[in-house]
Amino acid sequence: MNLEDSDVSPPTLDDFTDKPEAGDLFIAYVEICCTLGDLVQTCARRRIVPTKYTEVLNALFRWTRMLPPRLMLAQYSVDTQSYESRPHDFLARQLHVPYFTSIIILARAVSYTHLRAH
């Protein structure tokens, strides 16, 4: 998904006045799919330069930090000083599939590029 290929602006919560929780989910899904699409386009060129790697890594990190708490897989507990799983929510779990796919592709792309360079 590449928003540059569209004349539609990215979704906002204002687009979901009736169901803001559906808006949170959809907006997060569009954002992670755009990051995944950017990564796949980069990998299709068979070379991921360090600046692109850092850009995608930062986008993935930011995405996890900007999620509404109800869409996170785990939340930090000050009491236990560890991450604790959030209650099961199928849609929140499904939302993370493109996130983990991006991490796997990014790791493989770097390994592939590194192996070809040597």
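Residues numbered from 1 in each chain as written. Predicted model: local features only at pLDDT ≥ 70, side-chain atom pairs only at ≥ 80, totals over all residues. Heavy atoms only, no water.

Notes on the packing of aromatic side chains
Here a ring pair, both rings aromatic, is described through the centre-centre distance and the interplanar angle of the planes. The tally for this structure, following the rule as stated, stands at three aromatic pairs. With centroids separated by 5.1 Å and ring planes inclined at 65°, the aromatic side chains of Y99 and F100 adopt a geometry described as edge-to-face. (Phe/Tyr/Trp six-rings, centres within 6.5 Å; stacked < 30°, edge-to-face > 60°.)

Comments concerning the nonpolar core
One finds I32, W63 and L95 to be the most contacted residues of the largest nonpolar core, which totals 15 residues. Of all the secondary structure elements, the ones that give two or more residues to this core are α1 (20-44), α2 (50-66) and α3 (90-117). Here this core gets five residues from one element, more than from any other, and that element is α3. (Core = buried A, V, L, I, M, F, W, Y, C linked by side-chain atoms within 4.5 Å. Buried < 20%, exposed > 50% of the residue type's maximum accessible area, 1.4 Å probe, protein only. Helix = DSSP H or I, 4+ residues; strand = E, 2+ residues; numbered from the N terminus.)

Some remarks on the pattern of salt bridges
In total, this model carries two salt bridges according to the counting rule given. Two residues, K52 and D38, come together in a salt bridge whose shortest N-O distance is 2.8 Å. Linking K52 in helix α2 with D38 in helix α1, this pair joins segments that are 14 residues apart in sequence. The salt bridge involving K52 is made with E55; its shortest N-O contact spans 3.0 Å. With K52 and E55 both in helix α2 and three residues apart, the pair spans about one turn of that helix. Accessibility expressed as a relative area gives 16% for K52, which makes it buried. What emerges from the salt-bridge pattern is a single network uniting D38, K52 and E55. (Salt bridge = Lys/Arg side-chain N within 4 Å of Asp/Glu carboxyl O.)

With respect to the side chain of S102
Among the secondary structure elements, S102 is positioned in helix α3. A relative accessible area of 0% places S102 in the buried class. Ignoring sequence-local partners within four residues, the contact set of S102 consists of L36, L39 and L60. (Contact = heavy atoms within 4.5 Å.)

Focus on the layout of surface pockets
Taken as a whole, the largest pocket holds about 220 Å³ of empty space. Looking at the largest pocket, the residues that line it are T64, R65, L67, M72, L73, A74, Q75, Y76, Y83, H96, Y99 and F100. Among the residues making up the lining of the largest pocket, the classes are represented as eight nonpolar, three polar and one charged. (1 Å grid on protein atoms, 1.4 Å probe; cavity = no way out; pocket = protein on both sides within 12 Å on 5 of 7 lines; lining within 4 Å. Points joined across faces, edges and corners; volume = space filled by probe spheres on them. Nonpolar A, V, L, I, M, F, W, Y, C, P; charged D, E, K, R; others polar.)

Quick notes on the environment of T101
Counting through the fold element by element, T101 comes out in helix α3. Taking the C-alpha atoms as reference, T101 lies 7.8 Å from L36; in sequence the two are 65 residues apart.

Details of unusual backbone geometry
Its identity as a non-glycine residue notwithstanding, Q81 has a phi of 55°, on the positive side. Along the polypeptide, Q81 turns up in the loop between β1 (74-77) and β2 (82-85).

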